[in-house]
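A closer look at the structure
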Amino acid sequence: MMRADRWLLPDGIEEVLPPEARQIEVLRRHLLDLLDHWGYDMVIPPALEYLDSLLTGTGKDLDLRTFKVTDQLSGRMMGLSADTTPQVARIDAHSLAPEGVSRLAYCRTVFHAKAPSLLASRTPTQIGAELYGEAGVAADVEIISLMVAMINKAGIKQIHLDLGHVGVFRALADKAGISAEQQAELFALLKLKCASDLDAWADRELNDPSLCEAFKLLTRLQGDRKLLDESIARLAQLVPETSAELQHIQQVTDQLAMRFPRTPFYFDLTELRGYDYHTGLVFAAYVPGYGDAIAQGGRYDETGAVFGRARPATGFSADLKVLSRFGSVAADTKQTVVAPGNDDPQLWAKVQQLREQGYRVLVQLNAETIPADQTLQLLDGQWQLVEA
Ligand SMILES: N[C@@H](Cc1c[nH]c[nH+]1)C(=O)O
């Protein structure tokens, strides 16, 4: 390895330098305050744990995304957390086990063995919130509203929201009586938006004409509210088992549209984005000029079941570094004060006092030149601030 190569970081892994690092940290504080103001309690799940417990109840996609290492103490396989959501579900189900609703939040680095897209970091700083114990429309509305509030707080004003529903596909698949394996294959085709492959599959496999039409309609269910309403009416007519899910999307969007009248909504029932653990309404926020979602989430009602408590669950996550890149939170501009290197205890006391008051005080070392807003000077026997 050449000397210069030793400094190379692996693909998708980055370090953050000043001033961006400060910007991100300031944003983190603002967003943690916001989560707190909405009543969400912080949790800090471990970054590394036994693979079995880390991946219990999640799908294959998360398994592929997880870095694996051997624990030299026990000889067992461990995994680095690639997504905080299942860990928080376990905390809710197992460690806290509350009755009723619980609201939890987190902000920490997660690790991706494989980046989810070309744009994505392999070490995102995942910030998010999870809401347990409420299956109704109000919980989805709260969590999506919080996601929008967080994006706005980051200084990102122009977003559009995508909504989909994994449950509609599942209801159709259940009605068709297809095996779990086949469901997974179809799910993958839908995610890739292979409408023609899906049409061919439906023609080949489905004898019931209503079901066949419903599957074909699903692959084309992308567009604005008008299209959603029309297609929903038809879909519910063809397969009434989908109507509860379809009504759920409509009710959630009605309420969101009242809260965020200027935010465009886009519907896509093929957009089964997110992880295999998602079971219901899924959503994502996009900004112009960035191909990936800047925040995303959805319902995952069954994840807690493997820990003994299937709780209704919904939540969202974002990468703090991405929010910072597209946002405009002004890092609070503290006054920089430069103090001379001097042993005077009075100077030490003054420096400490100014730091307490929120000034950024640097004590000059030898020949150092530091750009300053103000300097500390000894005038009339007192250390005093003087404009630089
Ligand atoms: N953790 C998911 C989003 C999510 C949070 N809660 C439910 N879903 C993700 O990163 O895509």
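Under the annotation held in an unreviewed UniProt entry, the protein carries the name ATP phosphoribosyltransferase regulatory subunit and is attributed to Bacterioplanoides pacificum. Regarding the protein, the relevant UniProt record gives this comment under Pathway (unreviewed entry): "Amino-acid biosynthesis; L-histidine biosynthesis; L-histidine from 5-phospho-alpha-D-ribose 1-diphosphate: step 1/9." According to the UniProt record, the Subcellular location (unreviewed entry) comment for the protein reads "Cytoplasm".

1. Re the overall build of the protein
Secondary structure summary: the protein contains 13 helices and 16 strands in total. C-alpha extents for the protein along the principal axes are approximately 95 × 55 × 50 Å. Counting the 388 residues in the protein, one finds 46% classified as buried. Of the roughly 19,700 Å² of accessible surface on the protein, 52% is carried by carbon and sulfur atoms. On the protein, the mean spot of the 38 positive side-chain charges and the mean spot of the 52 negative ones are 2 Å from each other.

2. Focus: the confidence of the model for the protein
With 97% of its residues at a pLDDT of at least 70, the protein reaches an overall mean of 90. Complex prediction metrics read pTM 0.92 and ipTM 0.99.

3. Description of the packing of helix H9 (residues 209-219) against helix H10 (residues 225-238)
Relative orientation of the contacting elements H9 and H10 amounts to 150°, with a least axis distance of 9 Å. Here H9 is positioned roughly antiparallel relative to H10, judged by the angle of their axes. With respect to the hand of their crossing, H9 and H10 are arranged in left-handed fashion. Touching Ser210, Glu213, Ala214 and Leu217 of H9 are Ser231, Arg234, Leu235 and Leu238, all from H10. For the contact of H9 with H10, the per-class residue count stands at four nonpolar, two polar and two charged.

4. Observations regarding the pattern of salt bridges
Going through the model one piece at a time under the given rule, you end up with 18 salt bridges. Among the salt bridges present, the one from aspartate 140 reaches arginine 299, with a minimum N-O distance of 3.2 Å. Of this pair, aspartate 140 sits in helix H5 (residues 137-153) while arginine 299 sits in strand E11 (residues 295-299); the two residues are 159 residues apart in sequence, bridging distant segments of the chain. Arginine 299 carries the same exposure label as aspartate 140, and that label is buried. Here aspartate 229 ties to arginine 225 by a salt bridge, and the two come within 3.0 Å at their closest N and O atoms. Here the residue aspartate 229 and the residue arginine 225 both occupy positions in helix H10, the gap between them amounting to four residues, near one helical turn. Ionic contacts of the salt-bridge type, sharing partners, join the residues Glu25, Arg28 and Arg29 into one network.

5. A short note on helix H13 (residues 345-356)
Under the 1.5 Å per step criterion, the end-to-end length of H13 is 17 Å for twelve residues, consistent within 8% with the ideal 16 Å. For H13, the full list of buried residues reads Leu347, Val351 and Leu354. Viewed end-on, H13 has its buried residues packed into an arc of 65°, placing them on one side of the element. Projecting away from the buried face of H13 at angles above 90 degrees are the exposed residues Pro345, Gln346, Trp348 and Glu356. For H13, the secondary structure elements touched by its buried residues are strand E13 (336-339), strand E14 (360-363), strand E15 (374-379) and strand E16 (382-387). N-capping of H13 is provided by aspartate 344, with a side-chain oxygen placed 2.8 Å from the backbone N of glutamine 346. Looking at the residues trailing H13, positive phi occurs at glycine 358, about 105°.

6. Quick look at the nonpolar core
In terms of nonpolar packing, the biggest core is built from 75 residues, with Ile127, Ile144, Ile294 and Leu323 touching the most fellow members. Counting residues per element, this core draws most heavily on H5, which supplies eleven residues. When sequence neighbours within four positions are dropped, the list of residues in contact with isoleucine 144 reads Leu161, Leu163, Val252, Leu256, Leu281 and Phe283. Core analysis: the second largest hydrophobic core is formed by 15 residues, Leu62, Val88, Tyr132 and Tyr275 among them.

7. A closer look at the packing of H5 against helix H11 (residues 243-259)
At their nearest, the axes of H5 and H11 sit 9 Å apart, and the two run at 45° to each other. Considered as vectors, H5 and H11 are oriented oblique to each other. In the crossing of H5 with H11, the sense of the turn from one axis to the other is right-handed. Contacts between H5 and H11 involve Val137, Asp140, Val141, Ile144 and Ser145 on the former and, on the latter, His248, Gln251, Val252, Gln255, Leu256 and Arg259. Considered class by class, the residues forming the contact of H5 with H11 number five nonpolar, four polar and two charged.

Calculation notes
- Residues numbered from 1 in each chain as written.
- Predicted model: local features only at pLDDT ≥ 70, side-chain atom pairs only at ≥ 80, totals over all residues.
- Heavy atoms only, no water.
- UniProt positions renumbered as here; feature names shortened; annotations may be inferred.
- Helix = DSSP H or I, 4+ residues; strand = E, 2+ residues; numbered from the N terminus.
- Buried < 20%, exposed > 50% of the residue type's maximum accessible area, 1.4 Å probe, protein only.
- Areas by Shrake-Rupley, 256 points an atom, 1.4 Å probe, with all protein chains shown as cover.
- Lys, Arg positive; Asp, Glu negative; His and termini not counted.
- Charge placed at Lys NZ, Arg CZ, Asp CG, Glu CD.
- pLDDT = per-residue confidence, 0-100.
- Axes fitted to C-alpha atoms, helices over the stretch in contact; angles between N-to-C directions.
- Parallel < 35°, antiparallel > 145°, perpendicular 65-115°, else oblique.
- Left-handed = near helix turned anticlockwise from the far one by under 90°.
- Contact = heavy atoms within 4.5 Å.
- Nonpolar A, V, L, I, M, F, W, Y, C, P; charged D, E, K, R; others polar.
- Salt bridge = Lys/Arg side-chain N within 4 Å of Asp/Glu carboxyl O.
- Expected span 1.5 Å × (residues − 1).
- Arc of directions from axis to C-beta.
- Polar contact = N/O pair within 3.5 Å; in protein donor to acceptor, adjacent residues only side chain to side chain.
- Core = buried A, V, L, I, M, F, W, Y, C linked by side-chain atoms within 4.5 Å.

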